[in-house]
Amino acid sequence: MEFFKIKRDIPFMKHALIFNVVSFLTFALAVFFLVTRGLHLSVEFTGGTVMEVAYSQPADLTKVRGTVSSLGYNDVLVQNFGTSRDVMIRLPVQKDKTSAQQSAQVLQALKADAPDVELRRTEFVGPQVGQELAIDGLKALAFVIIGIMIYLAVRFEWKYAVAGIIANLHDVVIIMGFFAYFQWEFSLAVLAAILAILGYSVNESVVIFDRIREAFRRFRKMTPIEVIDHGITANISRTIITHGSTQIMVLSMLLFGGETLHYFAVALTIGILFGIYSSVFVAAALAMWLGVKREDLIKPNRREGDSNDPNAGAVV
């Protein structure tokens, strides 16, 4: 399905150097903020107290969050689990208070607003558990990256695998750079969003690479740069439809999903926007500079017709 069709190829690769300099500077800034400021890790990674409370009526999460924040907790996670009456509260570690003291203080404040609130469970998540979660998260990220590289190398060619994975890492580092600069809370939900963006971004790269491969088969008289421009231009309508509809859904979560989904939606929003950019101006440009050519994707003994060739369809 196409909302519009562009008759003349847009010379994207003509401006590839400028856009890649911008990408490099953005990437360097993201790395700088990650090194100097670091990520503001959530309770899952740093350890803390987890409370589960139950109300007789559906809980007002905004009110609960405000009550807990008034006690001096800036990094508190409040969310429903199971039903709308059950609430999970995650509190960061406080040096001068034990886990029992924290839960007692919070429960007392909650009872002042709603006497019917009942404590179901409280437990302390130690830093060691948080460290294991961080290590497991990094392993998951590494496995996804390795899997994408293998997939692209098998599906296309090693030049595309290198270009695609650099573009994907570009997106991941920039997302994390935003979280480091603004000191947004980096939680398991954000990590899940980053893993989702890896798959989402590589999907866009694969579609563009497919268009480029088709163009190599059809237009044998085109130069590699012209073929890449044609492949990207032919994919613009699909990109607008796909990413536009996805971004509408993510913005709905961002605007109406509440605190629980806020940073998850923020990470997805940043990832989708940079994923489109990196697929065109990072992945495709790197493939061009790595010297991708028709022979890399099509076997020499199998030549197909060229729509620009008067002998199209002839057996060579």
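Engineer: Could you clarify how one ought to interpret the confidence of the model for the protein chain in this entry?
Structural biologist: If pLDDT is low for a region, its predicted coordinates should not be looked at in detail. Mean pLDDT over the protein chain: 82, with 91% of residues reaching 70 or higher. Averaged over each element, pLDDT in the protein chain is lowest for helix α11 (residues 294–297) (71) and highest for helix α1 (residues 16–36) (91). In the model, residues 302–316 has pLDDT below 50 throughout and makes 22 contacts with residues more than four positions away in sequence or in other chains.

Engineer: Honestly, the nonpolar core in this entry has me stumped. Any pointers?
Structural biologist: Side chains that are nonpolar tend, in soluble globular proteins, to be buried together. If you look at the biggest cluster of nonpolar residues, it comprises 57 residues, and the most contacted ones within it are M13, Y160, I194, I212, I228 and I232. Every element with two or more residues in this core is listed here: α5 (127–155), α6 (158–182), α7 (188–218), α8 (224–234), α9 (236–256) and α10 (258–289). Considering every element that reaches this core, the biggest residue donor is α10, with 16 residues. In this structure I194 touches L141, V172, I175, M176 and F186, once residues within four positions along its chain are discounted. Grouped together as the second largest cluster of nonpolar side chains are 18 residues, V87, V106, L110 and A114 included.

Engineer: What's the story with the sheet that holds strand β2 (residues 48–54) in this structure? I'm lost.
Structural biologist: Working definition: the strands of a sheet are paired by backbone hydrogen bonds and lie parallel or antiparallel to each other. An order of β3-β4-β2-β5 is seen for the 4 strands of this open sheet, with the pairing classed as antiparallel. In this open sheet, the two strands that pair with only one neighbour each are β3 (77–81) and β5 (118–125). Between one strand axis and the next, the sheet turns by 20° as a mean value, whatever way the strands run. Relative to strand β4 (residues 83–92), β2 runs antiparallel, the two being bridged by 7 bridges. Residue A54 lies in a different strand from β4, and its bridge partner there is D86. Where helix α3 (residues 61–69) meets the sheet, its contacts fall on β3 and β4, and the angle it forms with β3 comes to roughly 145°.

Engineer: It is not clear to me how the pairing of β3 should be interpreted in this structure. Could you clarify?
Structural biologist: Within a regular beta strand, the side chains point alternately toward one face of the sheet and then the other, so they alternate between its two faces. The sheet contact formed by β3 and β4 spans 5 bridges and is antiparallel. Bridge pairing in β4 places L77 opposite R90. Counting the residues that bridge the hairpin from β3 to β4 gives 1 residue, and of these G82 lies at a positive phi of roughly 80°.

Engineer: Quick question: what am I supposed to make of the packing of α1 against α10 here?
Structural biologist: The geometry of a pair of packed helices is captured by two quantities: the angle between their axes and the separation between those axes. Direction vectors running N to C along α1 and α10 enclose 120°, while the axes themselves pass 10 Å from each other. The hand of the α1/α10 crossing is left-handed. Of α10, the residues touching α1 (which contributes A16, L17, F19, N20, V22, S23 and T26) are F274, Y277, F281, V282, A285, M288 and W289. Taken together, the residues of the contact of α1 with α10 break down into 11 nonpolar, 3 polar and no charged.

Engineer: Sorry if this is basic, but what is going on with a nonpolar patch on the surface here?
Structural biologist: On the surface, L17, V21, F24, L25 and W289 cluster together into a nonpolar patch covering about 560 Å² of accessible area. If you tally residues by element for the nonpolar patch, the top one is α1, at 4 residues.

Engineer: Help me out: how do you make sense of helix α4 (residues 99–113) in this one?
Structural biologist: Structurally, the α-helix is built with 3.6 residues per turn, so residues lying three or four positions apart point the same way. Relative to the 21 Å expected for 15 residues at 1.5 Å per residue, α4 spans 22 Å between its end C-alpha atoms, a close match to the ideal helical length. Within the sequence span of α4, burial applies to S99, Q102, S103, V106, L107, A109 and L110. Projected onto a plane normal to the axis of α4, the buried residues spread over an arc of 165° and lie on a single side. Away from its buried face by more than 90 degrees, α4 exposes A100, Q108 and A112. In this structure, the buried side of α4 is in contact with β2, α3, β4 and β5.

Conventions we followed
- Here the residue index of a chain counts from 1 through its sequence in written order.
- In view of the model being predicted, local features appear only for residues whose pLDDT reaches at least 70, and side-chain atom pairs are presented and counted only at 80 or more, with totals across whole chains, interfaces and linings using the full set of residues.
- Only heavy atoms go into the side-chain values, all of them from the structure, while hydrogens and water stay out.
- Predictor confidence is given residue by residue as pLDDT, running from a minimum of 0 to a maximum of 100.
- By definition, any uninterrupted DSSP run of H or I lasting at least four residues is a helix, any uninterrupted run of E lasting at least two residues is a strand, and each is numbered from the N terminus.
- Contacts between residues were defined by any pair of non-hydrogen atoms, one from each residue, lying within 4.5 Å.
- The criterion is simple. A nonpolar core is a set of buried Ala, Val, Leu, Ile, Met, Phe, Trp, Tyr and Cys residues joined through side-chain atoms within 4.5 Å.
- Only protein chains enter the accessibility calculation, which uses a 1.4 Å probe; a residue is then buried when its area is under 20% of its type maximum, exposed when over 50%, and partly exposed in between.
- At least two bridges found by DSSP between two strands are what make those strands a pair.
- Convention adopted: a line fitted to C-alpha atoms gives each axis, helices being fitted over their contacting stretch, and angles between N-to-C directions are expressed from 0 to 180 degrees.
- Note on convention: the crossing is left-handed when the near helix lies turned anticlockwise from the far helix by less than a right angle, right-handed when the turn is clockwise.
- Polarity classes work like this: nonpolar for Ala, Val, Leu, Ile, Met, Phe, Trp, Tyr, Cys and Pro, charged for Asp, Glu, Lys and Arg, and polar for all others, with Gly in that last group.
- Surface patches are defined over residues having more than 30% relative accessible area and no salt bridge, joining like charges when they lie within 9 Å and nonpolar side chains (Val, Leu, Ile, Met, Phe, Trp, Tyr) when within 5 Å.
- Per-residue and other accessible areas follow the Shrake-Rupley method at a 1.4 Å probe size, with only the shown protein chains counted as cover for residues.
- We count a salt bridge whenever a side-chain nitrogen from Lys or Arg sits within 4 Å of a carboxyl oxygen from Asp or Glu.
- By this rule, a helix spans an expected 1.5 Å times one less than how many residues it contains.
- It is the directions from the helix axis to the C-beta atoms whose arc is reported.

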